[in-house]
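Here is how the chains run, residue by residue.
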Amino acid sequence: MAKYEPVIGLEVHVQLLTATKAFCGCKNQFGSAPNTNICPVCLGLPGALPVLNAKAVEFATLASLAINCQVRERSIFARKNYFYPDLPKGYQISQFDKPIAEHGFIEVPTADGSTKRIGITRLHLEEDAGKSLHEGFADAASKTAIDLNRTGVPLAEIVSEPDMRSPAEAYEYLTRLKEIILYTGVSDCNMEEGSLRCDANISVRPRGQKEFGTKTEVKNVNSFRFVKQALEYEIERHIEILESGGKITQESRLYNAHEGKTNGMRSKEQAHDYRYFPEPDLLPLVVDEKWQAAIRASLPELPEARRQRMMKEYGITAGDAHTLTLTRALADQFESAARTARNPRRIANLVQSELLGRLKAHGLELEQSPISMTGVTASADLVESGAISGKMLKDLYDLCFERSHDFPAVYEEQGRPEQSRDTSALEKLADELIADNPKQVEQYRAGKKTMIAFFVGRVMKASKGQANPQLVNEVLSRKLEGH
Ligand SMILES: [Zn+2]
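Residues numbered from 1 in each chain as written. Predicted model: local features only at pLDDT ≥ 70, side-chain atom pairs only at ≥ 80, totals over all residues. Heavy atoms only, no water.

Q: Looking at this model, I keep getting lost on the pattern of salt bridges. Mind explaining?
A: Two side chains of opposite charge can pair, provided their charged atoms sit close to one another. Enumeration according to the criterion identifies 40 salt bridges in this entry. Here Glu5 ties to Arg205 by a salt bridge, and the two come within 3.0 Å at their closest N and O atoms. Within this pair, whereas Glu5 is found in strand E1 (residues 4-15), its partner Arg205 is found in strand E11 (residues 196-206), the two being separated by 200 residues in sequence. Like Glu5, the residue Arg205 is buried in the burial classification. (Salt bridge = Lys/Arg side-chain N within 4 Å of Asp/Glu carboxyl O. Helix = DSSP H or I, 4+ residues; strand = E, 2+ residues; numbered from the N terminus. Buried < 20%, exposed > 50% of the residue type's maximum accessible area, 1.4 Å probe, protein only.)

Q: Quick question: what am I supposed to make of the environment of Tyr276 here?
A: Here Tyr276 shows up in the loop between strand E14 (261-267) and strand E15 (277-278). For the pair Tyr276 and Tyr91, spaced 185 residues apart in sequence, the C-alpha separation works out to 9.4 Å.

Q: Just checking my understanding: could you explain helix H9 (residues 344-361) for this structure?
A: Each full turn of the α-helix corresponds to 3.6 residues, which orients residues three or four apart in the same direction. With 18 residues, H9 extends 25 Å from end C-alpha to end C-alpha; this agrees with the ideal 26 Å at 1.5 Å per step. The sharpest bend along H9 measures roughly 35 degrees and falls at Val351. All of the buried residues along H9 are Pro344, Ile347, Ala348, Leu350, Val351, Glu354, Leu355, Arg358 and Leu359. For H9, the side-chain oxygen to backbone nitrogen distance between the N-cap and Arg345 is 3.0 Å, and the N-cap itself is Asn343. Directly beyond the C-terminal end of H9, a positive phi value near 65 degrees is found at Gly363. (Expected span 1.5 Å × (residues − 1). Bend = angle between axes of the 7 residues up to and from the residue. Polar contact = N/O pair within 3.5 Å; in protein donor to acceptor, adjacent residues only side chain to side chain.)

Q: I tried to follow the sheet that holds strand E4 (residues 77-81) on my own but got confused; where do I start?
A: Spatial ordering of the open sheet is given by E5-E4-E15, a layout of 3 strands whose pairing is antiparallel. Lying at the two open borders of the sheet, with one neighbouring strand each, are strand E5 (91-95) and E15. As paired strands, E4 and E5 are joined by 5 bridges and run antiparallel to one another. Of the residues in E5, the one forming a bridge with Phe77 is Gln95. (Pairing = 2+ DSSP bridges.)

Q: Help me understand the coordination of the zinc ion, please; the structure alone is not making it clear to me.
A: Each donor-metal-donor angle in an ideal tetrahedron of four donors is 109.5 degrees, and each such angle in an ideal octahedron of six donors is either 90 or 180 degrees. Surrounding the zinc ion are the protein donor atoms Cys24 (SG), Cys26 (SG), Cys39 (SG) and Cys42 (SG), at 2.3 to 2.4 Å. Here the zinc ion binds 4 donor atoms, and the angle range of 100 to 114 degrees at the metal identifies the geometry as tetrahedral. Counting residues between consecutive donors of the zinc ion along the chain gives the motif C-x1-C-x12-C-x2-C. Judged by its relative accessible area of 9%, Cys26 is buried. (Donors = N, O, S within 2.8 Å, 3.2 Å for Na, K, Ca; no water. Tetrahedral: all angles 85-135°; square planar, octahedral: opposite > 155°, others 65-115°.)

Q: Would you mind going over helix H8 (residues 328-340) with me for this structure?
A: Given a rise of 1.5 Å per residue, 13 residues ought to cover 18 Å, and the 19 Å separating the end C-alpha atoms of H8 matches this to within 8%. Within H8, burial applies to Leu330, Ala331, Phe334, Glu335, Ala337 and Ala338. Buried residues in H8 make contact with helix H3 (167-184), helix H6 (303-314), helix H7 (318-324), H9 and helix H10 (373-384). (Contact = heavy atoms within 4.5 Å.)

Q: I'm lost on the packing of H3 against H6 in this one. Help?
A: Relative orientation of the contacting elements H3 and H6 amounts to 85 degrees, with a least axis distance of 9 Å. It follows that H3 is roughly perpendicular to H6 by the angle criterion. Contacts between H3 and H6 involve Arg176, Glu179, Ile180 and Tyr183 from the former and Pro303, Glu304, Arg306 and Arg307 from the latter. Considered class by class, the residues forming the contact of H3 with H6 number 3 nonpolar, no polar and 5 charged. (Axes fitted to C-alpha atoms, helices over the stretch in contact; angles between N-to-C directions. Parallel < 35°, antiparallel > 145°, perpendicular 65-115°, else oblique. Nonpolar A, V, L, I, M, F, W, Y, C, P; charged D, E, K, R; others polar.)

Q: I would appreciate a short explanation of the pairing of strand E6 (residues 101-109) in the present structure.
A: Each regular strand displays side chains that alternate between the two surfaces of the sheet. Here strand E2 (residues 70-71) pairs with E6 via 2 bridges, running antiparallel. What sits directly across from Val71, in E6, is Ala101. Of the strand pairs in this sheet, E6 and strand E7 (residues 115-127) are connected by 8 bridges, and their pairing is antiparallel. The residue bridging Ala101 from the neighbouring strand is Leu123, located in E7. Counted between consecutive antiparallel strands, the loop separating E6 from E7 contains 5 residues, among which Gly113 sits at a positive phi close to 90 degrees.

Q: Looking at this structure, how should I read the packing of aromatic side chains?
A: For any pair of aromatic rings, the description rests on two quantities: the centre-to-centre distance and the angle between the ring planes. Here the structure, examined in full by the defined rule, presents 10 aromatic pairs. Centre to centre, the rings of Phe96 and Tyr276 are 3.9 Å apart; their planes meet at 10 degrees, and the pair counts as stacked. In this pair, Phe96 sits in the loop between E5 and E6 while Tyr276 sits in the loop between E14 and E15, placing the two residues 180 residues apart along the sequence. Classification of Phe96 as partly exposed rests on a relative accessible area of 35%. (Phe/Tyr/Trp six-rings, centres within 6.5 Å; stacked < 30°, edge-to-face > 60°.)

Q: How do you make sense of the environment of Asn68 when you look at a structure like this?
A: Looking at the secondary structure, you find Asn68 in the loop between helix H2 (54-66) and E2. For Asn68, a relative accessible area of 36% gives the class partly exposed. Sequence separation of Asn68 and Ala101 is 33 residues, and the distance between their C-alpha atoms is 9.5 Å. Filtering out sequence-adjacent residues up to four positions away, Asn68 remains in contact with His103, Gly104 and Phe105. Of note is the side chain of Asn68, whose polar atom sits 2.7 Å from the backbone oxygen of Phe105.

Q: It is not clear to me how the environment of Gln209 should be interpreted in this structure. Could you clarify?
A: Relative to the assigned elements, Gln209 resides in the loop between E11 and strand E12 (216-221). Along the chain, Gln209 and Glu107 lie 102 residues apart, while their C-alpha atoms are 25 Å from each other.

Q: Would you mind showing me how to read the nonpolar core here?
A: In a soluble, globular protein the nonpolar side chains are often hidden away together inside. Leu10, Ile67, Ile100, Leu123, Ile158 and Tyr173 are the most contacted members of the largest nonpolar core, which totals 63 residues. When neighbours within four sequence positions are excluded, Leu123 is seen to be in contact with Ala60, Ala63, Ser64, Ile67, Pro99, Ile100, Ala101, Ala156, Glu157 and Ile158. If you look at the next biggest cluster of nonpolar residues, it comprises 35 residues, including Leu324, Ala337, Ala341 and Tyr411. (Core = buried A, V, L, I, M, F, W, Y, C linked by side-chain atoms within 4.5 Å.)

Printed below as a string of structure tokens:
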């Protein structure tokens, strides 16, 4: 590893969340009965003509702007010719030398805490192919079934520059890219359903060498963790071959997650094998300045910018901001709560320590939470004012999840519980502690005021965390001062 440097580039396919397909009116819907969302256009029957879906263009443009690409005012659709059972019309409508957008980048965090800019070569718009099904049928051993519902679904293909130098960087790039695309709302990026798919190009070269080594491509890996593992495996494989005097074969490979290794598929087609030519049935695509400006105006605040702003605005940590921006919905909900809460930092803590953990334990998504953000705010304010203790809040949250009721409802149901302000028990405890620890009392009275923490700690421990810290402080300082 010390001798060689990996060079990684990624191709990511993202299905766009349009209501209909890219060039016909068929539904773009995952999970329909096989071969029900099809028509002469997406099947490529003779005489059928494609009509471009404006929403697909808008979504591809929005994604392009979010990853800092320059949008081309005039782009060209091209036919990519190949036959495959799941592409019966014999070609895919794609874009070739004039894609809709180019020259973008995203920033990814690196191990040393700085950021690195990963270039994006291009984003182009194309249609998806159908799906071959090899299992789940009685005769699956001898036959392959074809589902063409996916044929013609709009895809954005995002091609990175070969700028990544480790599997960890590739993982970060994918994580950031997915996060950005999710924020724009143009795709659900659901890898299990195939709406985000990734191919990874990898080569190694001796450190210091400028030319790239021969690359292999790992196709269709279905999780970011597997991409990282597949790249780690490939890097080792390349180095072993080179060290033993062999040559790398340029080819496509598949990652087998069970075995933790890649296997060769077929030699990589060269670009000219696809015999690209301009699609004769479609006009050049024009996204003029006015349209671009309208789309740019709908660009939401992106995750990294939002994290920076939230840290400043609410005084939360980078870690808090990271968790709270995991999805746009969570960030929106947090902010609506934080704006009205007495202490936004407490909201951040409660969401992370009390809410997300319980949601996970109950297998619930944020949208299914029994406690709304209004509920979180109400509970945070009660703790803030000293009306309830942290321990009481935990118990009330447990009841919310048990009963599937929101916090304000459970708080009412429980008769608006309040932590005790009766100081007699506290005073007795304080007197005992003061009698038992003369040395500490002496230090306190000699001016070492921080010694109060010692006593507060003892009282909190004795009350099993139930005592109101503010009250404990009041009583103790009064007693220690000798009143
Ligand atoms: Zn169709």
